Every structure is written in structure tokens, then in C-alpha cells.
Amino acid sequence: MTETPLRLVVFDVDGTLIDSQDFIVEAMNRAFGEMAVPLPTRAEVLAIVGLSLDQAIGRLVPAMSKADVAIAAQRYKDMFIKLRAEKGGEAAAPLYPGARAALEQLHAQDEVLLGVATGKARRGLDHAYDAHDLRHFFMTSQTADDHPSKPHPSMLHAALKETGAEAVQAVMIGDTSFDIEMGHAAGFRTIGVTWGYHPREGLLAAGADLLIEAFDELPAALAQLWGQG
């Protein structure tokens, strides 16, 4: 009998597992407001979710100097900490419907390992883990603190190294084109989720192998991709 190979499923966080858009938009608006910088639209802010903070702010305000980008990034962090104290931060940002059930189902499979690759800082990911009791699901957790911004594949290369999985048996799941591009750059198959912050057209243009409309479609999507291996 052929042994089932080790498989790795890596999730993005914001816009994929957790709906944190209100906090991200408000923190960015507060940070820009303090610097008297014209506020970006909600759509503009959501379009850069997933990038590392310096990269995100640089895209929102291309004319901003590197020094001011660094200041804006720190102000964003400060504002997010304030929002966490005021409103609960990650604890008040809900898991998407079906997220926990999907994680539980995958975690119960001995041959499947789970990971996270996020543009969040380690501190923010730790808060999200603790707020939603998620930490035990994941064998590998890669954050913006230790890697270049998505779509660079560094986070996924580290996840493979930590888990011992091979890229041919790995899948990246995310809601942005950055997630999909990162997955392909690392040799992963990719699943785009349509409930997040980038439109389905952008996910398809980035090369998503499959799109899903809800978490209950995930098992069949993974089975389809692994069946192609």
C-alpha cells in the first residue's frame, strides 16, 4: 500500500481566516490623520492588506519619503495597539464562517500539517492566536518581522524547511493576489478565497489554481489539487 505523502496547507490571516478590515482601515486613517496626509479610501487600504507595512504604506503614498514611511508605519502600529485596548483588536475581529471547523478537520488528519504566512507582525499574530485559540493548529507561523514582503516566497520556503514538506504537496490559501503570487513563486499550488479583500478577478489574474466561495468547499478543493500530484 502506498503511504500518503506529508502535506502542508498554509493560510493567510487577515481577509482569509479573520475579518480584521475595520481595524486595519481605522488604524491607517488615524496614522495618516496624525501626519496630515490625505486619507486613502477604504478600497485603497484593503488593496494593500497582506503586504509588509512599509511596502503597504509606500504603495498608498508613492511620493512619501522613506523616512516618512517609517514614521507612518510606526504610527500605524501605535494606533493598532490603541484600537486593541479600546475595542479588543483581534478579539473583536471575527473568524470567517467555517474557519474553525475547516482548521479542526484538517488538523485531525495525520498527514496534513498547517501553517500561517502573514503580513502581520509577530505581536499581532500572537494576539490573533490567543484571541481565537488558534495557536495549537499551526506547526509553522511565518510573519513580516522575519521575511521580505509578500509576494516574495521567503515565508513559504521557511514553512517547508520547518515542516519537512515538499512544495509539490503544499498549498497556499489566501484572499489577495500577493498570496497567490507568493504561492506560485514557492512552487505551491494555490487556492484563492473570494470573501476577502481582493476581487476574484485579481485572484484569477494572479494565477489562482482554484477559487472557493466558502470554507465548506475547501476539502474538495484540496482533494482536487492533491489528486493532480
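Here the structure is a predicted model, which is why all the values come from computation and not from measurement. (Residues numbered from 1 in each chain as written. Predicted model: local features only at pLDDT ≥ 70, side-chain atom pairs only at ≥ 80, totals over all residues. Heavy atoms only, no water.)

Draft legend 1. Structural context of the overall build of the protein. From N to C terminus, the protein includes 10 helices and six strands. The C-alpha atoms of the protein give 17 Å as radius of gyration, which agrees with the globular expectation for 229 residues (17 Å, within 12%). Oriented by its inertia axes, the alpha-carbon framework of the protein measures out at about 65 × 30 × 30 Å. Looking at the protein as a whole, 53% of its 229 residues are labelled buried. Considering only intrachain contacts with a sequence separation of at least 6, the fraction spanning at least 24 residues in the protein is 65%. (Helix = DSSP H or I, 4+ residues; strand = E, 2+ residues; numbered from the N terminus. Rg over C-alpha atoms; globule rule 2.2 N^0.38 Å. Buried < 20%, exposed > 50% of the residue type's maximum accessible area, 1.4 Å probe, protein only. Contact = heavy atoms within 4.5 Å.)

Draft legend 2. Broad picture of the pattern of salt bridges. Counted according to the given criterion, the structure contains 11 salt bridges. A salt bridge links K150 to D12; the shortest N-O distance between them is 2.9 Å. Of this pair, K150 sits in the loop between β3 (140-142) and α7 (154-163) while D12 sits in the loop between β1 (7-11) and α1 (21-34), and the two are 138 residues apart along the sequence. For K150, a relative accessible area of 2% corresponds to the buried category. (Salt bridge = Lys/Arg side-chain N within 4 Å of Asp/Glu carboxyl O.)

Draft legend 3. Fine view of the nonpolar core. Within the largest apolar cluster, 62 residues are counted, with the highest numbers of intra-cluster contacts made by F11, F138 and L218. Formed by 15 residues, the second largest nonpolar core is a distinct cluster that contains L113, A167, A170 and A186. (Core = buried A, V, L, I, M, F, W, Y, C linked by side-chain atoms within 4.5 Å.)

Draft legend 4. Layout of the packing of aromatic side chains. Applying the stated criterion across every chain, the model contains six aromatic pairs. Measuring from centroid to centroid gives 5.9 Å for Y76 and F80, while their planes differ by 50°, and the two rings are tilted. Of the two residues, Y76 and F80 are both situated in helix α4 (residues 66-87); the distance of four residues between them amounts to about one turn of the helix. Neither residue differs from the other here; Y76 and F80 are each classed as buried. Look at W195 and F215: their rings are 4.7 Å apart centre to centre, the planes differ by 40°, and that puts the pair in the tilted class. (Phe/Tyr/Trp six-rings, centres within 6.5 Å; stacked < 30°, edge-to-face > 60°.)

Draft legend 5. Just helix α8 (residues 177-185), in detail. Along α8, the residues classified as buried are S177, F178, D179, I180, M182 and G183. Within two residues after α8, G187 carries a phi angle of roughly 85°, on the positive side.

Draft legend 6. Structural context of the side chain of T118. Relative to the helices and strands, T118 is located in the loop between β2 (112-117) and α6 (122-132). Apart from the residues lying within four places of it in its own chain, the contact partners of T118 are D12, V13, L125, Q142, T143, A144, K150 and M155.

Draft legend 7. Seen up close, the pairing of strand β5 (residues 189-193). Within β5, five of the five residues are buried, which leaves it mostly tucked inside the rest of the structure. Side chains of β5 alternate between two faces, with R189, I191 and V193 and T190 and G192 buried alike. With four bridges joining them, strand β4 (residues 170-174) and β5 adopt parallel strand pairing. Following the sheet pairing, M172 is matched in β5 by T190. (Pairing = 2+ DSSP bridges.)

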